[in-house]
Amino acid sequence: AEAVKKHPKVTVFINFASFRSVYETSMEAMTHPSIKTVAIIAEGVPEQQTRELVQVAEERGVGMIGPATVGGIKPGCLRIGNTGGMLDNIVMSRLYRPGSVAYVSKSGGMSNELNNIVCRNSDGVFEGVAIG
């Protein structure tokens, strides 16, 4: 609530909290009408809590990435979470500028491998997301 007061135009909430507190903090974030996207990085969120988070997100028109995601990337524009890895991998995979390939992955490790494969076999990634 304090962060939204200080930054009233915020639309994305990236939750790096542990699985023990991610449910409460994500639910609180979705009470703010300006929040349109929630990314939950934590692994191990109980299935029932995940179902409730998804239901509330759908009811409020909030897009949800995760739980258990490394995030997403739109090269040259946005990186949510740890997608792409360290700076040397971002440079090697040319994730600093947009290409023409988009992907959705259920695996964070696979999304990082996809970044590598795509950059070697095309003009690069346009956008990618690991949905968890």
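Right above here is the structure, for reference.
So, how was this worked out
Residues numbered from 1 in each chain as written. Predicted model: local features only at pLDDT ≥ 70, side-chain atom pairs only at ≥ 80, totals over all residues. Heavy atoms only, no water. Helix = DSSP H or I, 4+ residues; strand = E, 2+ residues; numbered from the N terminus. Expected span 1.5 Å × (residues − 1). Buried < 20%, exposed > 50% of the residue type's maximum accessible area, 1.4 Å probe, protein only. Arc of directions from axis to C-beta. Contact = heavy atoms within 4.5 Å. Pairing = 2+ DSSP bridges. Axes fitted to C-alpha atoms, helices over the stretch in contact; angles between N-to-C directions. Core = buried A, V, L, I, M, F, W, Y, C linked by side-chain atoms within 4.5 Å.

**A word on helix H3 (residues 47-60)**
Item 1. Taking 1.5 Å as the rise per residue, H3 with 14 residues should run 20 Å; its terminal C-alpha atoms sit 20 Å apart, in good agreement.
Item 2. Taken as a whole, H3 has its buried residues at Thr50, Leu53, Val56 and Ala57. Here the buried residues of H3 occupy an arc of 130° about the axis, which is enough to place them on one side. Summarising the geometry of H3, the exposed residues directed more than 90 degrees from the buried face are Glu47, Arg51, Glu58 and Glu59.
Item 3. Contact partners of the buried residues in H3: helix H2 (22-29), strand S2 (37-40) and strand S3 (63-65).
Item 4. Once H3 ends, the next one or two residues include Gly61, with phi positive near 70°.

**Some words on the sheet that holds strand S6 (residues 101-105)**
Item 1. If you walk across this open sheet you meet the 4 strands as S5-S4-S7-S6, and the pairing is mixed. The sheet is open, and its two borders are formed by strand S5 (78-81) and S6, each paired with just one other strand. Going from strand to strand, the sheet's axes swing by 5° on average, the running direction of each strand aside.
Item 2. Here helix H5 (residues 108-121) sits on the sheet in contact with S6 and strand S7 (125-130), set at roughly 165° to S6.

**Structural notes on the nonpolar core**
Item 1. Counting 14 residues, the largest nonpolar core has Val22, Met27, Met30, Val38, Ile40, Leu53 and Val62 as its most contacted members.
Item 2. Mapped by element, the contributors of at least two residues to this core are H2, S2 and H3.
Item 3. Residues contacting Met30, with those up to four places away along its chain left out, are Val38, Leu53, Val56, Ala57, Arg60, Val62 and Met64.
Item 4. Formed by 6 residues, the second largest nonpolar core is a distinct cluster that contains Ile73, Ile90, Leu95 and Val118.

Everything listed here is a matter of coordinates, which is why it stays silent on function.
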